[in-house]
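Fold and geometry: a report
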Amino acid sequence: MNDIWLVLGGTLTGAVGPGISVLYATYGELITERAGRINLGIEGSMLMGACFGFIATVETGSVTLGVLSGMVGGSLLSLVLAYLVIYRNTNQLATGFALTLFGAGITAYAGRTYVDSTINGLNPITVPILSEIPKLGIALFEQDVLAYIAYILGPVLFLGLHYTRTGLSLKAVGESISVAYAAGRNPYMIQIVAIAMGGALAGLGGAQLSLGFTHTWSEGMTVGRGFVAVGLVIFAMWSPLRAMVGAFLFGGAIGLQLQLQTIGAPVSPFILDMLPYLIIIFVMSLWSRAAARAMPEGLKGVLRATT
Amino acid sequence: MPITMPWFTKSRNLNPESPINGTESSFAKPVSDQDVSNTPPLIALRGITKRFGDLIANNDINLDIYGGEVHAVLGENGAGKSTLMKVIYGVNQPEEGTIQFRGRDVQIQSPRDSRDLGIGMVFQNFALIPALTVAENVALFLPDQGMVLSRSVITQQIQAISERYNLQVSPSARVRDITMGERQKVELIKLIMAKAKVLILDEPTSVLAPHEVDGLFEVFNELRRDGYAILFITHKIPEVLTSSDRITVLRHGSVVSTGAQRGITGDDLVSMMMGIELEAVSPRARIQSDIEYDSKKISYQREAIGSGVRAAIEFKDVWTTIEDDPRGLHGVTFKVMPGEMLGVAAISGNGQQELGETLLGMVKRKSGTILIEGEDIKGWSVSSILESGVSYISEDPISMAMVPDMRVDENLVLGELDNYNNGGVWLDLGGIRERITNALKTFPLQLAPHYMPVNQLSGGNVQRVILAREIELTRHARTTPKVLMAYYPTRGLDVITAEATRKLILEYRDRGGAIILISEDLEELLSLSNNIMVMFQGNIVGEFPTEAASIQEIGMLMTGTNK
């Protein structure tokens, strides 16, 4: 019985840390998809962020520069996607996937000499008072600074999407390029900016992973978190607030897996490694009519709604 | 009187206070014709010519539009009405001619230029985003007013305009949940809030039920009082007579006539539109007399048949969705006997699409049965349903019923290829051509050349190919007609071809076929069908013999007003 409580408590504590990087990537993909584009290269952008964020931190000693480099790296890769899908009219899914493979390759090469490097990365900051909330306090309020920014970013994105003209323009482009154009907007420029911002946020997520969570760089260290983010955007029905729920669900699954390994559960660690992804597959199966209705019209040509 | 629409005068009595009610002589006109000609026009077109390749869409057009007038532009399909409106709105650039706005020459290179001048346009397929609310759609089109979207301010502005011009809409409703009529109101509110003074509407009544049409004309009246110029396209003559101050008739890209509405009759307008004497347009009169004859014959047949004959097609309590989902069929039950035509009246999106899609199995039934000549079609494939004798004139022929890259003749025999391969692999192309030529010798509609790919044909020509295939060419349609499901069979056709098509359909029925006719043209439905069925949100809300139907009642039922 004690074991169960131990595992659950540990899971809760462990849910936030691994969730933050996925949450940033989910925000990024959400902005991209609200503009009517889908970026499967988000996984590559995360790797760019993790790798170049880490390299910059090692070389300059400044975590801030590291985080910024990660964002630049992530957005550069996504700008390649923006150019190809908007100006060269390539297939979005194939292009995104190719860019993920490209990002994996280039980071493996660039990061090969940094695998054993050590950094003084982002360290947890304990928020007074709030961190003393039983159970939740430690889980939520003993995190690095990027976690706190991620908490705030969800509501900020929500307000921005629904209560600003910029948000309205973004949604309009995602729903109908021709109507947005008729309303005097520049739809393709809006999409390019959205894709670049999406890549920058994914890069930030990657940087949080290497600088805040693991404090190391290893090849392919995102292990599919970018693709998880793509799934979570659908689960979140394109809402930044629901994206937070989804990301922490994923984080919780990783936390649970670590806890089970720690207490030596009689299950193969390979099976346990699959757990977070099984949960994502389950979450995707919750795909509902409501999600199909919430989907931006501009995505429907690429992601066919199945209702 | 070949062209009369008694229903239109009837529906005008809906609101006795309406200023557009009553006889034409008491028609409220705040701006008299003389006033109009004394004030300078808001827009003056001089010698406008617009070509698309070899086609001259607009030829040397002169047109004046005044503030405070409702100006109808009347013409057949392809007369150049839409092209001309798009010239004024800046979508099309004319090759020749000048446009003056308030007396000075202007270049309208894009819709942005025309909006800056205060010219707004409502297109047939509205420029609205269904997923956003009414207020958001309006806000999107307003000139920038700072970063923060003030919903309450926009909502108040919308409500003020709603009240002023009788344009009731709920600002917080999502556009996908409101009716076509309400969407049109949103478009008008958008233009008024964006300070447009000239409002151009492309076929504004085509999406409306009869009593909504009256409402729109009341709105026109209010706008006219405030000095707005309203320019609208239509091909419906009674609307022109009831609603407009001045009328411009276009034919083959040229202005045939422009002038005050007063004193003009529907017959005058028809002959101007068609450019022919009225006698030649009278197939409608012939059809009317056919109908009288037919309905006698049908009732005679019905009695003779008694109860022993099976329905050609029968829907029994067919459901495709749950009750609170407005899309889909909700317990639809009806049957059509051989030699009978059922007209389905519904505003687009109220279940009439699902009737056909459910019949062909493209939409799955949740419950209920469909019988063709008494046989349950459960588990039948689309091809076996079609082979059993169902002819299907699709709502969207180019994507549903044709291979766009294939030629006319190939599309004509698409469903019957097995008959032409002589048991082997190769198609007998010569045999196909011979059979098409023979079969279509007596076909009354002119088809495009057989070698043309159908994606290069106009909508009307595509429609003719479909009609030829489904009514004339298919073997069972010729010999033993069974069931014809016809969506908007005369859409995109000119008046004369449309009449010939109606006759074709009537002949199909008289040869013993059962027809389900879905049309937006209530007059067409009433003049052809034996029975009328009205659908609203997937429910059958009314079903009666045509003799007992009134347009007004159908219109109310179609829009759910009686619920």
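Residues numbered from 1 in each chain as written. Chains lettered and ligands numbered in written order. Predicted model: local features only at pLDDT ≥ 70, side-chain atom pairs only at ≥ 80, totals over all residues. Heavy atoms only, no water.

Attention now moves to the packing of helix H5 (residues 134–141) of chain B against helix H6 (residues 151–165) of chain B. When two helices pack together, their arrangement is given by the angle between the helix axes and by the axis-to-axis distance. Residues and elements named next belong to chain B. Axis separation between H5 and H6 bottoms out at 10 Å; the angle between their running directions is 95 degrees. By the angle between their directions, the pair H5 and H6 is classed as roughly perpendicular. On H6, the residues that touch Val134, Ala135, Glu136, Val138 and Ala139 of H5 are Arg151, Ile154, Thr155 and Ile158. Of the residues that constitute the contact of H5 with H6, the class distribution is 6 nonpolar, 1 polar and 2 charged. (Axes fitted to C-alpha atoms, helices over the stretch in contact; angles between N-to-C directions. Helix = DSSP H or I, 4+ residues; strand = E, 2+ residues; numbered from the N terminus. Parallel < 35°, antiparallel > 145°, perpendicular 65-115°, else oblique. Contact = heavy atoms within 4.5 Å. Nonpolar A, V, L, I, M, F, W, Y, C, P; charged D, E, K, R; others polar.)

Residue and element names in this part refer to chain B. Pairing is mixed across the open sheet formed by 6 strands, whose spatial order is E16-E17-E18-E13-E19-E20. At either end of the open sheet lies a strand with only one pairing partner, and these are strand E16 (390–393) and strand E20 (539–545). Strand after strand, the sheet turns through a mean of 15 degrees between neighbouring axes, direction not considered. In this structure, E16 lies alongside strand E17 (residues 483–487), joined through 4 bridges in parallel fashion. Within E17, the position partnered with valine 390 by the bridge is valine 483. (Pairing = 2+ DSSP bridges.)

Counting residues at the interface gives 24 residues for chain B and 18 residues for chain A. Buried surface at the junction of chain B and chain A, summed over both partners, amounts to about 1900 Å²; 54% is from carbon and sulfur atoms. Together, Leu140, Met147 and Leu149 of chain B form the three largest contributors to the area buried by chain B at its contact with chain A, with a combined 29%. Taken together, the connections running from chain B to chain A amount to 1 salt bridge. A salt bridge links glutamate 136 of chain B to lysine 171 of chain A; its shortest N-O distance comes to 2.9 Å. Across the chain B-chain A interface, the total number found is 7 residue pairs in polar contact (both at pLDDT 80 or more). Broken down by class, the residue content of the side of chain B that touches chain A amounts to 13 nonpolar, 2 polar and 9 charged. (Buried area = accessible area lost by both parts, 1.4 Å probe. Salt bridge = Lys/Arg side-chain N within 4 Å of Asp/Glu carboxyl O. Polar contact = N/O pair within 3.5 Å; in protein donor to acceptor, adjacent residues only side chain to side chain.)

Residue and element names in this part refer to chain A. Spanning 17 residues, helix H12 (residues 269–285) covers 25 Å between terminal C-alpha atoms, matching the ideal 24 Å at 1.5 Å per step. Considered for burial, the residues of H12 that qualify are Leu272, Pro276, Ile280 and Val283. In this structure, the buried residues of H12 make contact with helix H10 (225–235) and helix H11 (240–262). (Expected span 1.5 Å × (residues − 1). Buried < 20%, exposed > 50% of the residue type's maximum accessible area, 1.4 Å probe, protein only.)

Let us look at empty space enclosed by the protein. Residues and elements named next belong to chain B. Tallied over the full model, the rule gives 3 cavities of 30 Å³ or more. Taken as a whole, the second largest cavity encloses approximately 40 Å³ of empty space. Val122, Phe123, Gln124, Phe126, Gln184, Leu201, Asp202, Glu203, Pro204, Ser206 and Val207 are the residues that line the second largest cavity. Residue composition of the lining of the second largest cavity, by class: 6 nonpolar, 3 polar and 2 charged. (1 Å grid on protein atoms, 1.4 Å probe; cavity = no way out; pocket = protein on both sides within 12 Å on 5 of 7 lines; lining within 4 Å. Points joined across faces, edges and corners; volume = space filled by probe spheres on them.)

Before going further, it helps to spend a moment on the layout of surface pockets. Considering only enclosed or pocket space, the second largest pocket measures out at about 880 Å³ in volume. If you trace the second largest pocket, you find 33 residues lining it, with Ala182 and Ala183 of chain A together with Tyr89, Arg115 and Phe141 of chain B closest to the centre. Of all the secondary structure elements, the ones that give two or more residues to the lining of the second largest pocket are helix H8 (177–182) of chain A together with helix H4 (111–117), strand E6 (119–122), H5 and helix H7 (180–193) of chain B. Among the residues forming the lining of the second largest pocket, the class breakdown is 19 nonpolar, 6 polar and 8 charged.

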